[in-house]
Amino acid sequence: MSGGDRIRLFCALRLAEPALDALVAWQRRHLPGGGEGVRLVPRANLHVTLAFLGSRPAGDVPAIAGVLREAAGAAGRVELAPERYRETRSVGMVVLSDLTGAATALAERVQAGLEREGLYRREQRAWLPHVTVARFRDRPRLGVTVEGMANVCPSDAAVMVSVPAPAGARYEVVETAVLGGR
């Protein structure tokens, strides 16, 4: 792909294997995947978004990765606790509490750095740490709980690309960044 090609990019915390195991097990127990119009987010796509950049020239990736690496290197120990299940009109998510404050500080550094570089414009609402676990056309209004779910710890941070596919987007890692607080 050339530097001028446009791709859908975002920065995210990737999740460690135990966190992925816990989320997938929770999805199977609590969400009606395939039924009631609910499409479960596949294991490979589970993550915590730090900043969604949308359609950007592929040539922006090195600058975005540089901002992410710098912010991630300064990150403290990130530990997130499942707080509640929440639905919007098109997604179901596990909302997370930032136990150490490090994830919120990291998201702030990433977003501010991307803004300084002219690569990003922040959303009006505050950053909400969460993992999208389901997508749907009609909100199913599931009354599920996250009680007993283990804490969610990231493995690293990454610049990712969203690749459209018939069964739903596939997320691919473009660049990774080590978290400093690990």
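Now for a description of the structure that goes with this document. Nothing here was measured: the structure is a model prediction, and the numbers come from that model.

1. Quick look at unusual backbone geometry
Leaving glycine out, the prevailing phi sign among residues is negative, and the prevailing peptide bond configuration is trans.
Now for step 1: The phi dihedral of R141 is positive, around 55 degrees, even though this residue is not glycine.
Now for step 2: Relative to the elements of secondary structure, R141 occurs in the loop between β6 (130-136) and β7 (154-163).

2. Topic: the nonpolar core
Now for step 1: Core analysis: the largest hydrophobic core is formed by 53 residues, its most contacted members being C11, L13, L15, L46, V110, L114 and V133.
Now for step 2: Here this core takes seven residues from helix α2 (residues 61-73), the largest share from any one element.
Now for step 3: Once residues lying within four places of it in the same chain are set aside, the contact partners of L15 are L20, L23, L46, H47, V48, V131, V152, C153, P154 and S155.
Now for step 4: Ranked by size, the runner-up nonpolar core spans five residues in total, among them F10, A12, M160 and Y171.

3. Describing the packing of aromatic side chains
Aromatic ring pairs: the centre-centre distance and the angle between the two ring planes describe each pair.
Now for step 1: Using the criterion set out here, one finds two aromatic pairs in the structure.
Now for step 2: Taking the centre distance of 5.1 Å and the plane angle of 75 degrees together, the rings of F10 and Y171 count as edge-to-face. Highlighted residues: F10 in strand β1 (residues 6-15) and Y171 in strand β8 (residues 170-177), separated in sequence by 161 residues.
Now for step 3: With a relative accessible area of 3%, F10 lands in the buried category.
Now for step 4: Taken together, a centroid distance of 5.9 Å and an interplanar angle of 40 degrees make the contact between W26 and Y85 tilted. Of this pair, W26 sits in helix α1 (residues 17-30) while Y85 sits in strand β4 (residues 80-87); the two residues are 59 residues apart in sequence, bridging distant segments of the chain.
Now for step 5: W26 gets classed as buried once you look at its relative accessible area, which sits at 0%.
Now for step 6: The exposure class of Y85 is buried, given its relative accessible area of 11%.

4. A few points about the sheet that holds β8
Now for step 1: Taken in spatial order, the four strands of this open sheet run β3-β1-β7-β8, and their pairing is antiparallel. This sheet does not close on itself; its edge strands, each paired only once, are β3 (47-57) and β8. Put simply, the sheet's adjacent strands are angled 25 degrees from each other on average, direction ignored.
Now for step 2: Pairing of β1 with β3 involves nine bridges; the strand directions are antiparallel.

5. Digging into the sheet that holds strand β2 (residues 38-40)
Now for step 1: Here we have four strands laid out as an open sheet, ordered β2-β6-β5-β4, and antiparallel in their pairing. Edge positions in the open sheet fall to β2 and β4, since each of these has one partner strand only. Within this sheet the neighbouring strands show an average axis-to-axis angle of 25 degrees, counted without direction.
Now for step 2: Examined bridge by bridge, strand β5 (residues 91-98) and β6 share five bridges and lie antiparallel to one another. Note that in β6 the partner of V91 across the bridge is R135.
Now for step 3: Helix-sheet contacts for α1 involve β2, β4, β5 and β6, and the interaxial angle to β6 is about 35 degrees.

6. Overview of helix α3 (residues 102-116)
Now for step 1: With 15 residues, α3 should cover 21 Å at 1.5 Å per step; its first-to-last C-alpha distance of 21 Å lies within 8% of that length.
Now for step 2: Summarising the contacts, the buried residues of α3 are in contact with β1, β3, α2, β4 and β5.
Now for step 3: Two residues or fewer past α3, G118 is found with a positive phi of approximately 75 degrees.

7. As for the environment of A25
Now for step 1: Of note, A25 is situated in helix α1.
Now for step 2: Along the primary structure A25 and V161 are separated by 136 residues, whereas in three dimensions their C-alpha atoms are 26 Å apart.

8. Quick word on the side chain of H130
Now for step 1: The residue H130 is located in strand β6 in this model.
Now for step 2: Sequence-distant contacts of H130, defined by excluding residues within four places in its chain, comprise H47, V48, T49, M93, V94, V95 and L96.

9. Describing the pattern of salt bridges
Now for step 1: Tallying each qualifying case throughout the model produces 12 salt bridges.
Now for step 2: The residue E83 makes a salt bridge to R84 at a minimum N-O spacing of 3.5 Å.
Now for step 3: Overall, R84 belongs to the partly exposed group, its relative accessible area being 36%.
Now for step 4: In this structure, E108 engages R122 in a salt bridge whose closest nitrogen and oxygen atoms are separated by 2.8 Å. With a gap of 14 residues between them, E108 in helix α3 and R122 in the loop between α3 and β6 connect regions that are remote in the sequence.
Now for step 5: The exposure class of R122 is partly exposed, given its relative accessible area of 25%.
Now for step 6: If you follow the salt bridges from partner to partner, you end up with E17, D21 and R43 in one network.

Reading guide: rules and limits
Residues numbered from 1 in each chain as written. Predicted model: local features only at pLDDT ≥ 70, side-chain atom pairs only at ≥ 80, totals over all residues. Heavy atoms only, no water. Helix = DSSP H or I, 4+ residues; strand = E, 2+ residues; numbered from the N terminus. Core = buried A, V, L, I, M, F, W, Y, C linked by side-chain atoms within 4.5 Å. Buried < 20%, exposed > 50% of the residue type's maximum accessible area, 1.4 Å probe, protein only. Contact = heavy atoms within 4.5 Å. Phe/Tyr/Trp six-rings, centres within 6.5 Å; stacked < 30°, edge-to-face > 60°. Pairing = 2+ DSSP bridges. Axes fitted to C-alpha atoms, helices over the stretch in contact; angles between N-to-C directions. Expected span 1.5 Å × (residues − 1). Salt bridge = Lys/Arg side-chain N within 4 Å of Asp/Glu carboxyl O.

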